[in-house]
Amino acid sequence: MPIDLDRFAKHLRAHADSTPPGHGKCGEYVRRALQAGGAHFNEYSPPHYGKQYGLTLERLGFHEITVDDPDHFPFVRGDLMVMEPHTGSAAGHVAGYDGRNWISDFVQRDFWAGKKYREERPHYAVYRY
């Protein structure tokens, strides 16, 4: 069954806090939004940490795209990003793009999920359905 990216994006926005910081539950919020869009995790458990979402997204039919400069890239609704952790964190981050903002458990100000991510710019991957 295909994933409805409009439903995914609407669910993500409807359930996220309107401003940072989040609650450290990016993976849970993104998982619930994917499920609202029709994704099924029947054969495997979704990852706990945001940084672990790459393989899960590929299993759901997403593919990695090349994004050299996320500050100047034309993202489309339904794109997802998976980011390695910044110094002092172990979880990393996952967020979805709703056509206007990057959203996890909060609406982000930009691609980078916070000050530390913005300063350190850890490795990331972007996935498209």
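Description of the structure in this document.

Reading guide: rules and limits
- Residues numbered from 1 in each chain as written.
- Predicted model: local features only at pLDDT ≥ 70, side-chain atom pairs only at ≥ 80, totals over all residues.
- Heavy atoms only, no water.
- Helix = DSSP H or I, 4+ residues; strand = E, 2+ residues; numbered from the N terminus.
- Rg over C-alpha atoms; globule rule 2.2 N^0.38 Å.
- Buried < 20%, exposed > 50% of the residue type's maximum accessible area, 1.4 Å probe, protein only.
- Contact = heavy atoms within 4.5 Å.
- Areas by Shrake-Rupley, 256 points an atom, 1.4 Å probe, with all protein chains shown as cover.
- Lys, Arg positive; Asp, Glu negative; His and termini not counted.
- Charge placed at Lys NZ, Arg CZ, Asp CG, Glu CD.
- Arc of directions from axis to C-beta.
- Phe/Tyr/Trp six-rings, centres within 6.5 Å; stacked < 30°, edge-to-face > 60°.
- Lys NZ or Arg CZ within 6 Å of the ring centre and 35° of its normal.

Along the backbone of the protein chain there are 4 helices and 5 strands. Each helix and strand of the protein chain, placed in order from N terminus to C terminus, yields the pattern α-α-α-β-β-β-β-α-β. At 13 Å, the protein chain has a C-alpha radius of gyration in line with the 14 Å of a compact globule built from 129 residues. C-alpha extents for the protein chain along the principal axes are approximately 40 × 30 × 25 Å. Per-residue burial over the protein chain gives 49% buried out of 129 residues. Summarising the internal contacts of the protein chain: among those between residues at least 6 apart in sequence, 65% fall at separations of at least 24. Counting only carbon and sulfur atoms, one obtains 47% of the accessible surface of the protein chain, whose full area is about 6,900 Å². Here the protein chain contributes 16 positive and 17 negative side-chain charges, whose respective centroids are spaced 5 Å apart.

For an α-helix the count is 3.6 residues per turn, leaving residues at separations of three or four pointing the same way. When helix α1 (residues 5-15) is considered as a whole, its buried residues turn out to be Leu-5, Phe-8, Ala-9 and Leu-12. Looking straight down α1, one finds its buried side chains confined to an arc of 95°; they lie on one side. Away from its buried face, by an angle of more than 90 degrees, α1 presents the exposed residues Lys-10 and Ala-14. Those residues of α1 that are buried lie in contact with α2 (26-36), β2 (80-83), β3 (93-97) and β4 (102-103).

A word on the packing of aromatic side chains. Tallied over the full model, the rule gives 10 aromatic pairs. With a centroid separation of 5.4 Å and 90° between ring planes, the pair formed by Trp-102 and Phe-111 is classed as edge-to-face. Pair check on accessibility: Trp-102 and Phe-111 agree, each one buried. Judged by centre distance (5.7 Å) and plane angle (85°), the ring pair of Trp-112 and Tyr-124 falls under edge-to-face. With Trp-112 in the loop between β4 and α4 (115-120) and Tyr-124 in strand β5 (residues 124-128), the pair connects residues that are 12 residues apart, well separated along the chain. Residue Trp-112 is classed as buried on the basis of its relative accessible area of 1%. For the cation-ring pair, Lys-51 lies above Tyr-49, with the distance from its terminal atom to the ring centre recorded as 5.9 Å.

Here we take up α2. For α2, the set of buried residues is Cys-26, Gly-27, Tyr-29, Val-30, Ala-33, Leu-34 and Ala-36. As for α2, its buried residues are in contact with α1, α3 (53-59), β2 and β3. A positive backbone phi angle near 110° is found at Gly-38, which sits one or two residues after α2.

Note on placement: Thr-56 falls in helix α3. Of the residues examined, Thr-56 reaches a relative accessible area of 5% and is grouped as buried. Residues in contact with Thr-56, not counting those within four places in the same chain, are Phe-41, Tyr-44 and Pro-47.

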